[in-house]
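# Architecture and fold: a report
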Amino acid sequence: MPLLAIETSCDETAAAVMHGAQLLSNTIATQEIHQLYGGVVPELASRAHVQRIVPIVSKALSQAHLTPNAIDAVAVTYGPGLIGSLLIGVSFAKGLALQLGVPLLGVNHMEGHLFSTNIKPDGPEPPFLSLIISGGHTILTHVRAWGEYRILGQTQDDAAGEAFDKVAKILGLPYPGGPAVEKLAVTGNAQAIDFPQARLKNATNSATARFDFSFSGLKTAVLYYVKKLSADELDKQRADIAASFQNALINALIENVRSAYEQSPARAVALAGGVACNKTLRQAFLKLGGQCGFQLHFPEPIFCTDNAAMIARAAQFHLANGKRSPLSLAPDPGLVLA
Ligand code: KG4
Ligand code: ZN
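Everything numeric in this text was worked out from a predicted model, so none of it was measured.

About the criteria used
- Residues numbered from 1 in each chain as written.
- Chains lettered and ligands numbered in written order.
- Predicted model: local features only at pLDDT ≥ 70, side-chain atom pairs only at ≥ 80, totals over all residues.
- Heavy atoms only, no water.
- Buried < 20%, exposed > 50% of the residue type's maximum accessible area, 1.4 Å probe, protein only.
- Helix = DSSP H or I, 4+ residues; strand = E, 2+ residues; numbered from the N terminus.
- Pairing = 2+ DSSP bridges.
- Patch = residues over 30% accessible without salt bridge, like charges linked within 9 Å, V, L, I, M, F, W, Y side chains within 5 Å.
- Areas by Shrake-Rupley, 256 points an atom, 1.4 Å probe, with all protein chains shown as cover.
- Salt bridge = Lys/Arg side-chain N within 4 Å of Asp/Glu carboxyl O.
- Domains from an automatic or database assignment.
- Contact = heavy atoms within 4.5 Å.
- Buried area = accessible area lost by both parts, 1.4 Å probe.
- Arc of directions from axis to C-beta.
- Donors = N, O, S within 2.8 Å, 3.2 Å for Na, K, Ca; no water.
- Tetrahedral: all angles 85-135°; square planar, octahedral: opposite > 155°, others 65-115°.
- Axes fitted to C-alpha atoms, helices over the stretch in contact; angles between N-to-C directions.
- Core = buried A, V, L, I, M, F, W, Y, C linked by side-chain atoms within 4.5 Å.

Looking now at the pairing of strand β1 (residues 3–7). The buried fraction of β1 is high, at five of five residues. Burial of the side chains of β1 extends over both faces: Leu 3, Ala 5 and Glu 7 are buried on one face and Leu 4 and Ile 6 on the other. Judged from the five bridges that link them, β1 and strand β2 (residues 12–19) form a sheet pairing that is antiparallel. Directly across from Ala 5, in β2, lies its bridge partner Ala 16. As consecutive antiparallel partners, β1 and β2 are separated by four residues.

So, in structure tokens, the structure goes:
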């Protein structure tokens, strides 16, 4: 039963074909135009999706050595995301499902990230904790069972990736900022500057415990620190600032996951989203896993950032349980996970 999945929620036009446990293809077109603007420009993203969706889907099918007629279902991200971007993927998927006479299924993008550790074998099985850290989201979820999620905490302001992107801009580094900050931080001293970590008043001792995050204070602290420096001083300290910022952000994530793990029964912890590519962060979580006794899972980088393979994997679960979407499916930019 080959399944075609389409993902266009933000600035990646992506398609994948999955057949049982086999990922037959996984194609992505990253929109480089946004680098000129230091962030995603929604209208440009929509226009780029319109141009790329047909070539990317054709590439996914040809890499899978399939014709469109061999596809048994079409899955598509219908939210959350940018409305103009979602509309392209959803409209295209509906047209294709109608033409082929196969079922359509709308997939929640965040649930796709939850499944990203399970595209390949040996992913975590529920119950586990999942930390999705991307450019648009920072969400800690208790995955009780597939399809049964409880959000334990999320960011109250900037997402973790957004903080990386904004700090990169402050330091004069290119977009997307995460990889640039990580590269520079390798040569810096993570203890050089004591940037503040937000301490939210999270209730931690009841069934309604919250483990929320806040990164805008950290970003502002970096901004004020940099504003006081001359151009020469900034040049000398750039790597230390990157390393100290990254360290503060990782510590904030670690502390919340540690507290959440102590509260919620879980077999494992999974990381997902673009920021989960960060090697220093992965090392810190591996160390935490050793201390707490949980197994840590993270997807390979190509499945951390937005991709259609994770949408295909989530769709397989729901299709197997009989879920289908009507051809009246509409994008839902504010869709939540649970
Ligand atoms: O998951 P993703 O591709 O898109 C969203 O759904 O938002 O994540 C993109 C984010 C960007 O903010 C980018 O700076 C960040 O992930 N990122 C990283 C790294 N690679 C990507 N952040 C820190 N370290 C990295 N190596
Ligand atoms: Zn995403």
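In this section: a nonpolar patch on the surface. Residues Ile 33, Leu 36 and Tyr 37 make up a contiguous nonpolar surface patch of about 340 Å² in total accessible area. Positionally, Ile 33 belongs in the loop between β3 (22–30) and α1 (42–63). With a relative accessible area of 36%, Ile 33 lands in the partly exposed category.

Here the protein chain is described as being made up of domain 1 (2–113 + 304–320) and domain 2 (125–298). Averaged C-alpha coordinates put domain 1 and domain 2 at centres separated by 28 Å. The interface of domain 1 with domain 2 comprises 14 residues on the first partner and 14 residues on the second. Buried surface at the junction of domain 1 and domain 2, both sides included, amounts to about 1100 Å², of which 70% is carbon and sulfur.

With that out of the way, let us pick up helix α4 (residues 160–170). Regarding α4, the residues found buried are Ala 160, Gly 161, Ala 163, Phe 164, Val 167 and Ala 168. The buried residues of α4 all sit within an arc of 155° when viewed along its axis, so they share a single face. In this structure, the buried residues of α4 make contact with β6 (128–133), β7 (138–145), α5 (177–185), α6 (216–227) and α7 (231–263). Just downstream of α4, Gly 172 is the residue with a positive phi angle, here 75°.

This part covers the coordination of the zinc ion (ligand 2). Distances from the zinc ion (ligand 2) to its protein donors, namely His 109 (NE2), His 113 (NE2) and Asp 306 (OD), fall within the range 2.1 Å. Note that the zinc ion (ligand 2) binds four donor atoms; their angles at the metal cover 88 to 137°, and the shape is irregular. Mapping the donors of the zinc ion (ligand 2) onto the primary sequence gives the spacing H-x3-H-x192-D. You can see His 113 sitting in helix α3 (residues 109–115) and its partner Asp 306 sitting in the loop between α9 (301–304) and α10 (309–320), a full 193 residues away along the chain. Side by side, His 113 and Asp 306 carry an identical accessibility label, which is buried.

With that settled, the discussion passes to the pairing of strand β8 (residues 148–154). Bridging between β7 and β8 involves six bridges; their strand directions are antiparallel. The residue of β8 that forms the bridge with Ile 139 is Gln 154. Connecting the antiparallel pair β7 and β8 is a turn made up of two residues, with Gly 147 showing a positive phi of about 90°.

Scanning the model with the defined rule gives eight salt bridges in all. Between Asp 158 and Lys 219 there is a salt bridge whose closest N-O contact spans 3.0 Å. In this pair, Asp 158 sits in the loop between β8 and α4 while Lys 219 sits in helix α6, placing the two residues 61 residues apart along the sequence. Look at Lys 219 and you get buried, because its relative accessible area is 18%. Close ionic contact of Arg 238 with Asp 235 constitutes a salt bridge, the shortest N to O distance being 2.7 Å. Note that Arg 238 and Asp 235 are positioned in helix α7 at a spacing of three residues, about one turn of the helix. Each of Asp 158, Glu 162, Lys 166 and Lys 219 takes part in a single network of salt bridges with overlapping partners.

Quick look at the sheet that holds β1 now. The mixed open sheet is built from five strands, whose spatial order is β3-β2-β1-β4-β5. Edge strands, defined here as strands with exactly one partner in the open sheet, are β3 and β5 (104–108). Within the sheet, the average angular offset between the axes of one strand and its neighbour, ignoring direction, is 20°. Where β1 and strand β4 (residues 73–79) come together, four bridges link them in parallel fashion. Across the sheet, Ile 6 pairs through a bridge with Val 76, a residue of β4. Packed on one face of the sheet, helix α2 (residues 83–100) meets β1, β4 and β5 and runs near 160° to β4.

By size, the foremost hydrophobic cluster in this structure holds 49 residues, and its most contacted members are Leu 131, Phe 195, Ile 241, Phe 245, Leu 249, Leu 253 and Phe 285. Looking at this core, the elements with two or more residues in it are β6, α4, α5, α6, α7, β9 (268–272) and α8 (279–292). Here this core takes 14 residues from α7, the largest share from any one element. Those residues in contact with Ile 241 that sit more than four places away from it in its chain are Leu 171, Ile 193, Phe 195, Val 222, Tyr 225, Val 226, Leu 229 and Leu 234. Ala 16, Leu 105, Phe 115 and Met 310 belong to the second largest nonpolar core, which has 33 residues in total.

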